[in-house]
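# A look at the structure
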Amino acid sequence: MFVGAFVWGVQLIDRVVSRNPLAAMVVVLLLASGLAALGSPRAYATGITERSYTNAAGTRGYYLHVPPGDTAGKPLMIYLHGCTDPEAQLAGNGFSLTRIADELGFVLAYPIQTRDANERWCWNWFDPADQERDTGEPSMIAGITETLIEEFGIDRARVYVGGYSAGGGMSTVMAATYPDLYAAIAPMAGGPHRMSLQPLGADLTGATIVASMGPLARPVPAFFLQDLADQTSLYPIGRANILQWLGADRQAGDLTLADAPTAVTTTADPVPATIEHYTGSGCELAQFVTPIGPDHIGGGLLMQSPAGLTLQRRMMDFLLAHRLTGPRQVC
C-alpha cells in the first residue's frame with residue numbers, strides 16, 4: 001500500500017501542477033496503539049475534563065478545556081485527533097493547545113473517536129456514511145459544538161474546527177456539511193473532500209464541496225499544513241487539498257482567486273517552513289504551511305506537543321482572524 005501510494009503521489013505532482021480537475025489520491029492511515037477507555041469524568045492538571053455527547057447517530061466522548069474568566073462571547077475551537085491513542089496523543093503531550101487557549105482566550109474541545117467506529121480510531125472522513133449533514137460522525141461533532149455554544153455563551157461568529165491526519169480530513173467534511181457553523185478550518189495532513197477508493201480519485205474543482213454546502217455555500221478560510229517528508233499523507237495530497245478548496249472558494253463566493261500564492265514567507269520556528277498566503281477580495285482565505293523535515297508522526301507532534309507551540313499559535317492566529325459570514329459572502 002505504501003509503495004502504491006508513493007507511485008500515485010509522484011504521478012499526482014504532474015497532474016496538480018497542470019491543474020487537472022481530476023487527480024488520484026490515497027490515504028494510508030496511521031498505525032495506532034490501543035485506546036484507553038473513557039471512564040467516568042475526571043480532571044487533568046491542565047484543566048481538562050471529560051464529557052460525552054449522544055444523539056441518534058451514537059455517543060462520542062470529548063475532552064474540554066475552559067480558559068480563565070467569563071466565557072460569554074469567547075471563541076470555540078474543536079480539535080480532531082488523528083489515528084492514534086488520544087491518551088498518548090493528547091494527554092501524553094500535556095494537551096499543549098490548552099496553553100494557546102489560555103493565552104488567546106478560547107474554549108477548546110477534543111472530540112474522541114471510538115474503536116467500535118474505526119479499528120484504528122480514525123475519524124471516518126472517507127466514508128460516504130460520514131460525509132452528510134445531520135447524520136453519522138458529522139452530526140455528533142456538530143452536536144458537541146452546538147452544546148458548547150449554548151452552555152458557555154460562545155460567540156457564534158467565532159467557532160472553528162481543525163485537526164491532523166484523519167482529523168484534518170474530517171475538518172474538511174465539517175466545513176462542507178456545516179458552513180453555517182464554522183467560521184474557518186484547519187485541515188492539516190488530511191485529504192480532498194469525497195475522495196473515492198475505487199477508482200482512486202478526487203474532484204479538485206471544488207464542486208463536491210459546494211454541492212455539499214448547498215444554499216449555505218460560502219468561502220471558508222482554511223489553514224493547511226503538509227509536511228514535505230510526510231510518508232503517509234504524501235505532500236501531493238496536501239497540494240490537491242488546497243487546490244480543491246480554492247476552487248470551492250471561487251465558486252461559493254464568485255471570486256477571482258489564483259491557485260498560486262499571493263505571498264510566500266518563511267520561518268525557522270519551531271522548524272524550517274515555508275508559509276504560502278492566498279488572498280482574495282481583501283482577505284486571506286488560506287495559508288499553506290510546509291514544514292521541512294518532520295514525517296507524518298513528527299508533524300502531528302508539532303501540532304499537539306509543547307515543541308510546536310509557535311506553530312499552534314500560528315494556526316489559531318489565522319483562524320481567530322476570521323468571523324462567520326453569510327452565504328456567498330467573503331470574509
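In what follows, the structure referred to is the one given above.
Residues numbered from 1 in each chain as written. Predicted model: local features only at pLDDT ≥ 70, side-chain atom pairs only at ≥ 80, totals over all residues. Heavy atoms only, no water.

## Some details on the packing of aromatic side chains
According to the stated counting rule, one finds seven aromatic pairs in the structure shown. Relative to Phe318, the ring of Phe223 lies with its centre 6.1 Å away and its plane at 50 degrees, an arrangement referred to as tilted. One end of the pair, Phe223, is in strand β10 (residues 222–225); the other, Phe318, is in helix α9 (residues 309–320), and 95 residues separate them in sequence. The class of Phe223 is buried, set by a relative accessible area of 0%. According to the relative accessible area criterion, Phe318 is buried, its value standing at 4%. Plain terms: the ring middles of Phe224 and Phe288 are 6.2 Å apart, the flat faces sit at 25 degrees to each other, and that makes the pair stacked. Of this pair, Phe224 sits in strand β10 while Phe288 sits in strand β13 (residues 283–291), and the two are 64 residues apart along the sequence. One aromatic cluster is present, built from ring pairs that chain together Tyr63, Tyr79, Phe95 and Tyr110. Here Arg239 stacks its cationic end above the ring of Phe288, 4.1 Å away from the centre of that ring. (Phe/Tyr/Trp six-rings, centres within 6.5 Å; stacked < 30°, edge-to-face > 60°. Helix = DSSP H or I, 4+ residues; strand = E, 2+ residues; numbered from the N terminus. Buried < 20%, exposed > 50% of the residue type's maximum accessible area, 1.4 Å probe, protein only. Lys NZ or Arg CZ within 6 Å of the ring centre and 35° of its normal.)

## Some words on the pairing of strand β7 (residues 184–188)
β7 sits mainly inside the fold: five of its five residues count as buried. Here β7 shows two buried faces, one formed by Ala184, Ala186 and Met188 and the other by Ile185 and Pro187. Where strand β6 (residues 159–164) meets β7, five bridges bridge the pair, whose relative direction is parallel. Looking across to β7, one finds that Tyr160 is bridged to Ala184. Of the crossover connections in this fold, the one passing from β6 over helix α5 (residues 166–177) to the parallel β7 is right-handed. (Pairing = 2+ DSSP bridges. Right-handed = clockwise from strand over helix to strand, strands pointing away.)

## Brief notes about the packing of helix α3 (residues 97–104) against α9
One way to put it is that α3 packs onto α9 with a least axis distance of 10 Å and a crossing angle of 50 degrees. Viewed along their axes, α3 and α9 adopt a mutual orientation that is oblique. Judged by the twist between their axes, the crossing of α3 over α9 is right-handed. Of α9, the residues touching α3 (which contributes Leu97, Arg99, Ile100, Glu103 and Leu104) are Leu309, Gln312, Arg313, Met315, Met316, Asp317 and Leu320. Taken together, the residues of the contact of α3 with α9 break down into seven nonpolar, one polar and four charged. (Axes fitted to C-alpha atoms, helices over the stretch in contact; angles between N-to-C directions. Parallel < 35°, antiparallel > 145°, perpendicular 65-115°, else oblique. Left-handed = near helix turned anticlockwise from the far one by under 90°. Contact = heavy atoms within 4.5 Å. Nonpolar A, V, L, I, M, F, W, Y, C, P; charged D, E, K, R; others polar.)

## A word on unusual backbone geometry
Note that the residue after Asp269, namely Pro270, is joined by a cis bond; omega there is 5 degrees. You can see Pro270 is positioned in the loop between β11 (263–267) and β12 (273–280). In the Ramachandran plot, Ala189 falls in the positive-phi region, its phi being about 50 degrees despite a non-glycine side chain. Phi is positive for Ser281, which is not a glycine, with a value near 55 degrees. Take Ser281: it is sitting in the loop between β12 and β13. Residue classification places Ser281 among the exposed positions, given a relative accessible area of 56%.

## Quick word on the state of the cysteines
For the structure shown, the criterion picks out two disulfides. Paired by a disulfide, Cys83 and Cys122 hold their sulfur atoms 2.1 Å apart. Its torsion about the S-S bond being 135 degrees, the disulfide of Cys83 and Cys122 is classed as right-handed. Residue Cys83 is found in the loop between β4 (76–80) and α2 (86–89), and its partner Cys122 is found in the loop between β5 (107–112) and α4 (136–152); the two are separated by 39 residues along the sequence. A relative accessible area of 0% places Cys83 in the buried class. We classify Cys122 as buried; its relative accessible area is 0%. (Disulfide = S-S within 2.5 Å.)

## Side note on α5
With twelve residues, α5 extends 17 Å between its outermost C-alpha atoms, agreeing within 8% with the 16 Å of an ideal straight helix rising 1.5 Å per residue. For α5, the tally of buried residues reaches twelve of twelve residues, placing the bulk of the element in the interior. Where the residues of α5 are buried, they touch β4, α4, β6, β7, α6 (207–213) and α7 (235–253). (Expected span 1.5 Å × (residues − 1).)

## What to know about the pairing of β5
On a regular strand, one side chain projects to one face of the sheet and the next to the other, so that they alternate. Of all the six residues making up β5, six are buried; the element is thus mostly covered by neighbouring parts of the structure. Residues Val107, Ala109 and Pro111 line one face of β5 and the alternating positions Leu108, Tyr110 and Ile112 line the opposite face, and both faces are buried. Relative to β5, strand β3 (residues 58–65) runs antiparallel, the two sharing five bridges. In the strand pairing of β5, Tyr63 is matched with Tyr110.

## Structural notes on α7
Relative to the 27 Å expected for 19 residues at 1.5 Å per residue, α7 spans 27 Å between its end C-alpha atoms, a close match to the ideal helical length. In the stretch just after α7, Asp254 is the one whose phi turns positive, near 50 degrees.

## Topic: the environment of Gly162
As for its placement among the helices and strands, Gly162 is situated in strand β6. As a C-alpha pair, Gly162 and Ala186 span 24 residues in sequence and 4.1 Å in three-dimensional space. For Gly162, the residues in contact, after removing those within four places along its chain, are Met77, Ile78, Tyr79, Leu80, Gly167, Ser171 and Ala186.

From the geometry alone we can't say anything about function, so treat these as descriptive.
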